[in-house]
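Chain by chain, the residues run as shown.
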Amino acid sequence: MTKTVETEGALETRGIEQVPDHERTAKTRELFPTWVGANISVLLLTMGASLVVAYHLNIWQALVVAVAAPVVSYGLVGLIGIAGKRGGAPGMALSRAVFGQRGNLLPGSLIWVARWGWETINAVTGAYAMLTILDILFGIRANSVLDMVTLLVFVVATFAISGLGINAVQRCNKYATYLFGVFSVLVLAYLVANTDWSRVMDHSAGSTAAVITGIGMIAAGGVSWIPTAPDFTRYLPRTASSKAIVGTAVGGAGVVVLPMVLMGAVMAVATPDLASASDPVSFLGEILPTWIAVPYLFIALIGMLLINSMSMYSAGFTAQTLGFKVPRHWAVSVNAVISLVFGGVLMLVATSFMGSFIAFLSLLAVAFSAWVGVFGADMFRRTEYDGRAMADTTRASAYWYQGGFSPAAVAAWAVGLVSGLMFTTSDWFTGPLATNNVIGEYGLGWVATIVISGGLYLVLPKPAAARPAGTTEPAGERTAAGV
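What counts as what
- Residues numbered from 1 in each chain as written.
- Predicted model: local features only at pLDDT ≥ 70, side-chain atom pairs only at ≥ 80, totals over all residues.
- Heavy atoms only, no water.
- Core = buried A, V, L, I, M, F, W, Y, C linked by side-chain atoms within 4.5 Å.
- Buried < 20%, exposed > 50% of the residue type's maximum accessible area, 1.4 Å probe, protein only.
- Helix = DSSP H or I, 4+ residues; strand = E, 2+ residues; numbered from the N terminus.
- Polar contact = N/O pair within 3.5 Å; in protein donor to acceptor, adjacent residues only side chain to side chain.
- Contact = heavy atoms within 4.5 Å.
- Expected span 1.5 Å × (residues − 1).
- Patch = residues over 30% accessible without salt bridge, like charges linked within 9 Å, V, L, I, M, F, W, Y side chains within 5 Å.
- Areas by Shrake-Rupley, 256 points an atom, 1.4 Å probe, with all protein chains shown as cover.
- Salt bridge = Lys/Arg side-chain N within 4 Å of Asp/Glu carboxyl O.
- Phe/Tyr/Trp six-rings, centres within 6.5 Å; stacked < 30°, edge-to-face > 60°.
- Lys NZ or Arg CZ within 6 Å of the ring centre and 35° of its normal.

A.B. asks: What is the right way to read the nonpolar core from this model?
C.D. replies: Across soluble globular proteins, nonpolar side chains show a tendency to be buried alongside one another. Trp35, Leu45, Ile218, Trp225, Leu284, Phe375 and Tyr385 are the most contacted members of the largest nonpolar core, which totals 139 residues. By residue number, the principal contributor to this core is helix H14 (residues 290-321), which donates 15 residues. Among the nonpolar cores identified, the runner-up in size contains six residues, and Trp116, Ala315, Leu322 and Ile338 belong to it.

Following this line, the structure appears as structure tokens:
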């Protein structure tokens, strides 16, 4: 990122307030390593294996999934990221303009809680990577105490990076991108030379429903980044290319998701129990030789660390929009403690990591998609955001609307959320409409959530933004009530 007043030093002090135009000097190309770093996860290998083992897809169908998933999910990430250059503020702060100062607390709280689970999964995966490295190099076997020590080390490191701010996060992502690329090529070369390709190519094809469901499973990770996309684009100038914002998101994710998912699908031939393993990391030590496995696990560890740092970075903003009157880096600490506690429970109690993970993904996608539908639909009519109105949480705010709520946004969000859950199937919850229809059987509950919430918001009458006496109406608020 180009150096500015706020990003020159190691510690970023800016919170949810609007970034002044003179500080918005970043370049869209600098977003590429951000979205690469957001996907450096060995969980993609395990999910790729799930396509073969659980969904019964062949390698060509896995290729379709690996291409389509990042295009769909990170296409939405890029589109919502455009709001960041328009408003110069984090996503959940911009959301106040849509839902109202009080209304924003509803989706904000749900997204914050859902992010706890995402950060817990990442922290546990990072801890497992550390445990596997210790086992391979020193023969140290995992136990309950060591589990908690590695989890603590991972969470503390995550807090340190995310607490520093966007400059530290993006700088780490840049170097991690290069390392990941080098070692992924090594892993790919090893698989090409040592895989029984006749077994891979002879695998029978799965159903179309399984392909579409697989796309949704892989895309769910990207969907979780959509509300935070403006957090990483708010330092872009207003003149930044919208096409470039979308392109860097899709491209950065695609160069990781495509090879990782395909490698996982190929690995499933040699290790068919990979998708159901209780530990999503240690299989690398069994499949790959030590000289590849150890450095690759280090890269996986760094990747999970960066993913969690990005998540906690944005979670700090979400906590601030919910009313926590603390600096962003202290707000981050709340999520750090929560991921430590929940991570400990998952490592010590849960019997199936991947089963819990996939069930969580299916519900996570719906929880985030309800906000995406409303916020995305609002972007059709709003090109600017009033920084003073976003910061003012009193009745004088232009975004107070009716009692602090935008009835159209809150109603559309709630209806979309409930509708999406009704079509969703998971190990934890199955909706009443999850069978005997295309939406439920094809795993499209999260898509239905976006369509229903967004479509309903477009047709419902919207309240006009209040305008304090003596002020000029912002360009983006020139809409009358009922339009």
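A.B. asks: What exactly am I supposed to notice about the side chain of serine 224 here?
C.D. replies: Mapped onto the elements, serine 224 comes out in the loop between helix H10 (208-223) and helix H11 (229-233). A polar contact is formed between the side chain of serine 224 and the backbone oxygen of glycine 221, at a distance of 2.5 Å. In contact with serine 224, not counting residues within four places along its chain, are Arg115, Trp118, Leu364 and Phe368.

A.B. asks: I tried to follow helix H6 (residues 105-138) on my own but got confused; where do I start?
C.D. replies: Because each turn of an α-helix spans 3.6 residues, side chains separated by three or four positions end up pointing in the same direction. In this model, H6 (34 residues) spans 49 Å end to end at C-alpha, consistent with the 50 Å of a helix rising 1.5 Å per residue. Of all 34 residues that make up H6, 24 are buried, and the element is covered over most of its length. Count one or two residues on from H6 and you reach glycine 139, which has phi positive near 70 degrees.

A.B. asks: Help me out: how do you make sense of a nonpolar patch on the surface in this one?
C.D. replies: Together, Val337, Val341, Phe342, Val345, Leu348 and Val349 line one region of the surface with nonpolar side chains, adding up to about 550 Å² of accessible area. Secondary-structure assignment places valine 349 in the loop between helix H15 (328-348) and helix H16 (353-378). By relative accessible area, which is 59% here, valine 349 ends up exposed.

A.B. asks: Honestly, the packing of aromatic side chains in this entry has me stumped. Any pointers?
C.D. replies: The geometry of an aromatic ring pair is captured by the separation of the ring centres together with the interplanar angle, meaning the angle of the planes. Inspection of every chain in the model, using the stated rule, returns five aromatic pairs. Judged by centre distance (5.7 Å) and plane angle (80 degrees), the rings of tryptophan 35 and phenylalanine 232 are edge-to-face. Linking tryptophan 35 in helix H1 (residues 32-37) with phenylalanine 232 in helix H11, this pair joins segments that are 197 residues apart in sequence. A relative accessible area of 2% means that tryptophan 35 is categorised as buried. The exposure class of phenylalanine 232 is buried, given its relative accessible area of 2%. Joined through ring pairs, the aromatic side chains of Trp35, Tyr74, Trp225 and Phe232 make up one cluster. Here the guanidinium or amino end of lysine 462 rests over the ring plane of tyrosine 457, the centre of that ring lying 4.8 Å away.

A.B. asks: What am I meant to see in the environment of tryptophan 371 here?
C.D. replies: Topologically, tryptophan 371 is positioned in helix H16. With a relative accessible area of 0%, tryptophan 371 lands in the buried category. For the pair tryptophan 371 and leucine 110, spaced 261 residues apart in sequence, the C-alpha separation works out to 9.7 Å. Once residues within four sequence positions are removed from consideration, tryptophan 371 is found in contact with Ile80, Gly91, Met92, Ser95, Phe99, Pro107, Ile111, Ile226, Pro227 and Trp413.

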